[in-house]
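Notes for the structure review
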Amino acid sequence: MASAAFLLVAFLHSVLTVWGQRLLQDHNCTYQNVYMPVCGSDDKDYFNYELLECISILNPGKNLTAKYMYPCACHGVLDSDAVSPVCATNNITYPTRSAFDCTKVLLNDPQLSIIANEVCPGGAIDKCWAEVIPPVLWEPVCGTDEFTYNSIWHLHCENLHSGNSTKVKQKGACPCKISRFFKPLCATNDVTYPNMETFLCDQHLYSLHNVSITREGYCGWSEDSSCEERVSKFDESISNGLCASDGITYLTAQQFKCVRNKNKGLTLRHDGPCKLSEVPKNISPEEACEIESKYPVVAPVCGNDGNSYMSIFSLLCRSSNITNLKLKSDYVCEKDKVPAPTSPCSIEDETVDPLCATNNVTYANPTKFACAASKTKGLLVLHSGECTNSESICKMADDTARMDLPYVCANDGKTYLNLYAFWCTKLKKPDLDVAHFDECV
């Protein structure tokens, strides 16, 4: 029979009343209402680690600790790709009953059940079933492509999506191979790693045996962090923003995704500030002030008072204090304009000072490169002199993988660590293009 303390905490969790929260706080016990099940030392699953600690505090005689930072049923499910298929009521074929049991707990779906000990009619074993498993659980394998995968099932899933035929080279992580993709993870040392490969590499290099991954995303933000606060250090060099369907220009992809979680109908329109035609009509000065305060984008406009304002929201906000202030033009006022720079493509320059660019093309001089860069989004100088080896681009990608450079969202929907990582991949995928400079949304 469950202890009185366990029943009390379960009750408090189910009702989440102010009285219940105060009682937990009186016992120095607080937790977030976020389902991230963990396995206790009593081999039972708990709603999340914080709630497990609450139970331990309210019932010290239980000596309860966390055995695994994931459900008990998930222990060992990634060790092998041996199959003994089962068909579930969601019409998905899981490779083993253990894989099903693990998934059922993670999905928190008590109605999910097994209907047959075989492959579902007309189906096949779901090679991507392990995608629901949190990153705190992994059994890394090194692929023949020299990349580390969270498990052998993650390798199978990647093969399915990419059409590759990568095999397992060895169990365990590859010798410190850095991924070129951005998938942030928060570890118990309060460090945000750009991806699992970087974390595994640090574990190997710095003997971080007692450090593990706690969750996906940035460490610095809790579930209660406001959307406007979600500007990470990685985004400080991003200034053009992302225009959304609500007419607001969000400074970062994290801000956009945060608002979208609350407004499911929100979509991304394009990279860069919203145009005046995309901003909703009849916004009140109060609403404009709130938007400007939260998302201070730079998209200057000119008021009929002859002054330039940082954005249309800035102008509308000031209109509550300036009589008859209205928009005059969607650019800075004449007195604030600066001469437009001369296009490098219009400059005749026959000097010989070759530069190798990240598209593996040699340009005769900086002017020729500047002309190409004005037409090619994200083009960079790789080194002086002629291009001799395309592998130098991928080497630069690896060398800069730990630098805080702007992320790049490509038209394949993947976020690359930086432009060098993007161009390295583009060598093999010529149709790859930059969508915007930030995380994909």
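It is worth spelling out the overall build of the protein chain at this point. The secondary structure content of the protein chain amounts to 12 helices and 24 strands. The buried share of the protein chain, taken over its 441 residues, is 41%. For the protein chain, the accessible surface area stands at approximately 23,400 Å², while carbon and sulfur atoms represent 52% of it.

The geometry of helix α11 (residues 391-399) relative to helix α12 (residues 419-426) is characterised by a closest axis approach of 8 Å and an angle of 145 degrees between their N-to-C directions. The element α11 and its partner α12 pack so that their crossing is left-handed. Counted together, I393, C394, M396 and A397 of α11 and Y420, A421, W423 and C424 of α12 form the full contact between these two elements. For the contact of α11 with α12, the per-class residue count stands at 8 nonpolar, no polar and no charged.

Under the counting rule described, the total for this entry stands at 13 disulfides. At a sulfur-sulfur separation of 2.1 Å, the disulfide partner of C128 is C157. Handedness here is read from the sign of the S-S torsion; for C128 and C157, about 95 degrees, the answer is right-handed. One end of the pair, C128, is in the loop between β6 (114-116) and β7 (141-143); the other, C157, is in helix α5 (residues 152-162), with 29 residues separating them in the sequence. For C128, a relative accessible area of 15% corresponds to the buried category. At a sulfur-sulfur separation of 2.1 Å, the disulfide partner of C227 is C258.

Throughout the structure, instances matching the rule amount to 12 salt bridges. For E290, the salt bridge is made with K294, and the minimal N-O distance between the two is 3.1 Å. Remark: K294 and E290 occur in helix α8 (residues 285-294); sequence separation between them is 4 residues, near one turn of the helix. Judged by relative accessible area, E290 falls into the partly exposed class, the value being 46%. For K294, a relative accessible area of 28% translates into the label partly exposed. R318 is the partner of E292 in a salt bridge, and the nearest nitrogen-oxygen pair spans 3.1 Å. One end of the pair, E292, is in helix α8; the other, R318, is in helix α9 (residues 312-318), with 26 residues separating them in the sequence. Given a relative accessible area of 13%, E292 falls into the buried group. Take R318: its relative accessible area is 34%, and that puts it in the partly exposed class.

What follows deals with the nonpolar core. Inside soluble globular proteins, nonpolar side chains tend to come together where they are buried. Core analysis: the biggest nonpolar cluster contains 33 residues, and V77, L78, Y94, W129, I133, F199 and I213 have the highest contact counts within it. Of all the secondary-structure elements, those providing two or more residues to this core are β4 (86-88), α4 (97-107), α5, β10 (185-187) and α6 (196-206). Per-element accounting of this core gives the leading share, 4 residues, to α4. The next biggest cluster of nonpolar side chains, apart from the first, holds 23 residues, and it includes L355, A372, V408 and V434.

Mapped onto the fold, I322 is located in the loop between α9 and β18 (327-329). In sequence terms I322 and D305 are 17 residues apart; their C-alpha atoms lie 9.1 Å from each other. In contact with I322, not counting residues within four places along its chain, are D305 and Y309.

The next thing to look at is the environment of A397. Mapped onto the elements, A397 comes out in helix α11. Assessed through its relative accessible area of 3%, A397 is described here as buried. With 26 residues separating them along the chain, A397 and W423 place their C-alpha atoms 8.4 Å apart. Setting aside anything within four residues of it in sequence, one finds A397 in contact with R180, Y420, A421 and C424.

Its place among the elements puts T249 in strand β14 (residues 249-250). Under the relative-accessibility criterion, T249 is labelled buried at 4%. Here the side chain of T249 touches C274 through a polar contact of 2.8 Å, landing on its backbone nitrogen.

Across the sheet, which stays open at both edges, the 3 strands sit in the order β5-β4-β6 with antiparallel pairing between neighbours. Each edge of the open sheet carries a strand with a single partner, namely β5 (93-94) and β6. Strand direction decides the pairing type here: β4 and β6, joined by 2 bridges, are antiparallel. Paired with C87 across the bridge in β6 is A116.

A word on the sheet that holds strand β20 (residues 362-363). Strand-to-strand pairing in sheets goes through backbone hydrogen bonds, with the strands running parallel or antiparallel. Ordered in space as β20-β19-β21, the 3 strands form an open sheet in which the pairing is antiparallel. The sheet terminates laterally at β20 and β21 (381-384), the two strands that pair on one side only. Sheet topology places strand β19 (residues 355-357) next to β20; 2 bridges connect them, and they run antiparallel. Across the sheet, the residue bridging to C356 is T362, located in β20.

Time to look at the confidence of the model for the protein chain. Summarising the model, the protein chain shows a mean pLDDT of 85, and 89% of its residues fall at 70 or more. Low confidence marks residues 1-20, where pLDDT is under 50. Its contacts with residues over four positions away, or in another chain, come to 25 contacts. A low-confidence stretch, residues 233-238 stays under pLDDT 50, and its non-local contacts, those more than four residues away or across chains, total 11 contacts.

What counts and what doesn't
- Residues numbered from 1 in each chain as written.
- Predicted model: local features only at pLDDT ≥ 70, side-chain atom pairs only at ≥ 80, totals over all residues.
- Heavy atoms only, no water.
- Helix = DSSP H or I, 4+ residues; strand = E, 2+ residues; numbered from the N terminus.
- Buried < 20%, exposed > 50% of the residue type's maximum accessible area, 1.4 Å probe, protein only.
- Areas by Shrake-Rupley, 256 points an atom, 1.4 Å probe, with all protein chains shown as cover.
- Axes fitted to C-alpha atoms, helices over the stretch in contact; angles between N-to-C directions.
- Left-handed = near helix turned anticlockwise from the far one by under 90°.
- Contact = heavy atoms within 4.5 Å.
- Nonpolar A, V, L, I, M, F, W, Y, C, P; charged D, E, K, R; others polar.
- Disulfide = S-S within 2.5 Å.
- Salt bridge = Lys/Arg side-chain N within 4 Å of Asp/Glu carboxyl O.
- Core = buried A, V, L, I, M, F, W, Y, C linked by side-chain atoms within 4.5 Å.
- Polar contact = N/O pair within 3.5 Å; in protein donor to acceptor, adjacent residues only side chain to side chain.
- Pairing = 2+ DSSP bridges.
- pLDDT = per-residue confidence, 0-100.

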